[in-house]
Amino acid sequence: ENTSLRAKLDEFHAKWNSKHEEDITSRDLLSSLKEQLASREIAFSKSDSTINAMQARIDDLRNLCQKQQNELQRERNESRMIEEDRDDLQMQCEALHKQLTDWA
């Protein structure tokens, strides 16, 4: 009976040690997973910051592009008006020249 009790106690002790080792392994694994998660959260946070900065830069470039397109359109409009004025003046000069030639 003493031997049986001793065997049961040894078996219980072995199971307890095994369970204890499993708990330590589980805690180590959990700790490692928490560290990995924290590391990934930091990486995602940096990634979000980078994406936000890139989006802001894209928006700035779009605005600049729009301003330049507007400026180019304004310059084209001015050029067209100048050409129209030049053509109008040319026609007036030709008409005046014709009148002067006809009088002479």
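For the structure, check the block above.
As the structure is a computational prediction, the values presented were derived from the model and not from experiment. (Residues numbered from 1 in each chain as written. Predicted model: local features only at pLDDT ≥ 70, side-chain atom pairs only at ≥ 80, totals over all residues. Heavy atoms only, no water.)

Participant: Teacher, can you tell me more about the overall build of the chain here?
Facilitator: The number of helices and strands found in the chain is one helix and zero strands. Against the globule reference of 13 Å for 104 residues, the chain gives a C-alpha radius of gyration of 44 Å, more extended than a compact globule. The burial tally for the chain puts 0% of its 104 residues in the buried class. Surface exposure of the chain reaches about 10000 Å², of which carbon and sulfur atoms provide 56%. Here the chain carries 16 positive and 22 negative side-chain charges, and the mean point of each set is 8 Å from the other. (Helix = DSSP H or I, 4+ residues; strand = E, 2+ residues; numbered from the N terminus. Rg over C-alpha atoms; globule rule 2.2 N^0.38 Å. Buried < 20%, exposed > 50% of the residue type's maximum accessible area, 1.4 Å probe, protein only. Areas by Shrake-Rupley, 256 points an atom, 1.4 Å probe, with all protein chains shown as cover. Lys, Arg positive; Asp, Glu negative; His and termini not counted. Charge placed at Lys NZ, Arg CZ, Asp CG, Glu CD.)

Participant: Honestly, a nonpolar patch on the surface in this entry has me stumped. Any pointers?
Facilitator: The grouping of Leu9, Phe12 and Trp16 at the surface amounts to a nonpolar patch, some 360 Å² of accessible area in total. For phenylalanine 12, the location among the structural elements is in helix α1 (residues 2-103). (Patch = residues over 30% accessible without salt bridge, like charges linked within 9 Å, V, L, I, M, F, W, Y side chains within 5 Å. Salt bridge = Lys/Arg side-chain N within 4 Å of Asp/Glu carboxyl O.)

Participant: Just to check I follow, could you spell out a negative patch on the surface for this structure?
Facilitator: A cluster of like negative charges, contributed by Glu83, Glu84, Asp85 and Asp88, occupies part of the molecular surface. In this fold, glutamate 83 is placed in helix α1.

Participant: Explanation requested: the pattern of salt bridges in the structure shown.
Facilitator: Two side chains bearing opposite charge may form a pair once their charged atoms approach each other closely. Applying the stated rule across the entire model yields eight salt bridges. A salt bridge links arginine 74 to glutamate 71, with the nearest nitrogen and oxygen atoms 2.4 Å apart. Taken together, the positions of arginine 74 and glutamate 71, both in helix α1 and three residues apart, correspond to about one turn of that helix.

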